[in-house]
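Observations on the three-dimensional arrangement
Okay, here's what each chain looks like letter by letter:
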Amino acid sequence: AKESGRGTTRIFDAAMSQKVCARQDLKRDLAFALEKGELRLVYQPIRDLGSGRIATAEALLRWRHPEKGEVSPVDFIPLAEETGLINAIGEWVLEAACRQAAHWPADVSVAINISPVQFRSDTFPMKVAAALARSRLAPARLELEITESVLLADSEHNMRILHDLKAIGVRISLDDFGTGYSSLSYLRLFPFSKLKLDRCFVSDIGRSAQSEAIVRAVADMGHALSMMTTAEGVETSGQLDWLRANGWSQAQGYLIGRPAEADVFGALVAPSGLR
Ligand code: C2E
Ligand code: CA
Ligand code: CA
Ligand code: CA
């Protein structure tokens, strides 16, 4: 028993250290990914259910690693947050998304994801204002998506940052709504422009009466609080019909469109496009 115990430990250690090494490798490579031009943004269309038009695109980071191929943001964003590199990457995202969106019709906005780490910097609102000025993008066409974890930590500081951003005229969305511990309490703290319901609820439509009751109630609440409501992860026309019938203002998901390269999304919303 002792022998196998030790053997197990050794295998476990080897697997662990391999994992740690892979993380260290990725961390090191990520430091150069920006300057080597390995990062890019793809744009996922978000449909307005009232007008039926594409109203927004969510900018999503992609990293094409020279050896490993495409690395998911789920894997490299946490590393960037640990190393602080997320500040430089986040600034690049902000600049690139504004520059891109400035070429789209004026009724199409762009949404970017903001890491809680970016909020620690007092200069973040200034950087947003500078990116808007440089790209000449109207502030109302930029949406910043944050999760409740932003408000969880040092809420007083972060609240001030949020209000500074609102004063600039950008819109703030509460992302992944429903997945945290206290989503509801955050709605009292700050007047969000939009809430985005996590896709785990959407996938339950047609399967769980309980989930449907929640999704219906969230739309009603959003409406009562003058917020736009976006349902994420819409994959079937059944889900889309249900969401439209139950008062949701926007839908995002593979049914509407997969994240697309910048030129492809640009063509989609161009005056001659198929929007
Ligand atoms: P998120 O903000 O919740 O973004 C939505 C994710 O859902 C994206 O994954 C998108 O590709 C995926 N998705 C969209 N529609 C569907 C669908 O119908 N079905 C399914 N199964 N998935 C769908 P992605 O691109 O892998 O991004 C994952 C997460 O990485 C994002 O989640 C966000 O938290 C983070 N992320 C991405 N880009 C950035 C960025 O520029 N900055 C920061 N800080 N985080 C980012
Ligand atoms: Ca998001
Ligand atoms: Ca989300
Ligand atoms: Ca998420």
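Just so it is clear, the model here is predicted, and its values are computed rather than measured.

**Remarks on the pattern of salt bridges**
One pass over the full model with this rule turns up 16 salt bridges. Two residues, K27 and E82, come together in a salt bridge whose shortest N-O distance is 2.9 Å. Separated by 55 residues along the polypeptide, K27 in helix α1 (residues 2–33) and E82 in helix α2 (residues 73–83) bring together distant segments of the chain. Assessed through its relative accessible area of 47%, E82 is described here as partly exposed. Taken together, the shared-partner salt bridges connect R40, R64, E70 and E261 into one network.

**Here's the deal with the packing of aromatic side chains**
Scanning the entire structure with this criterion turns up six aromatic pairs. Arranged with centres 5.2 Å apart and planes meeting at 70°, the rings of F190 and F192 form a pair that is edge-to-face. For the pair formed by F190 and F192, the shared burial category is buried. Among the aromatic residues, those joined into a cluster by ring pairs are Y43, W104 and F265. Seen from the ring of Y254, R258 lies directly overhead, with NZ or CZ sitting 3.7 Å from the centre.

Analysis parameters
- Residues numbered from 1 in each chain as written.
- Chains lettered and ligands numbered in written order.
- Predicted model: local features only at pLDDT ≥ 70, side-chain atom pairs only at ≥ 80, totals over all residues.
- Heavy atoms only, no water.
- Salt bridge = Lys/Arg side-chain N within 4 Å of Asp/Glu carboxyl O.
- Helix = DSSP H or I, 4+ residues; strand = E, 2+ residues; numbered from the N terminus.
- Buried < 20%, exposed > 50% of the residue type's maximum accessible area, 1.4 Å probe, protein only.
- Phe/Tyr/Trp six-rings, centres within 6.5 Å; stacked < 30°, edge-to-face > 60°.
- Lys NZ or Arg CZ within 6 Å of the ring centre and 35° of its normal.

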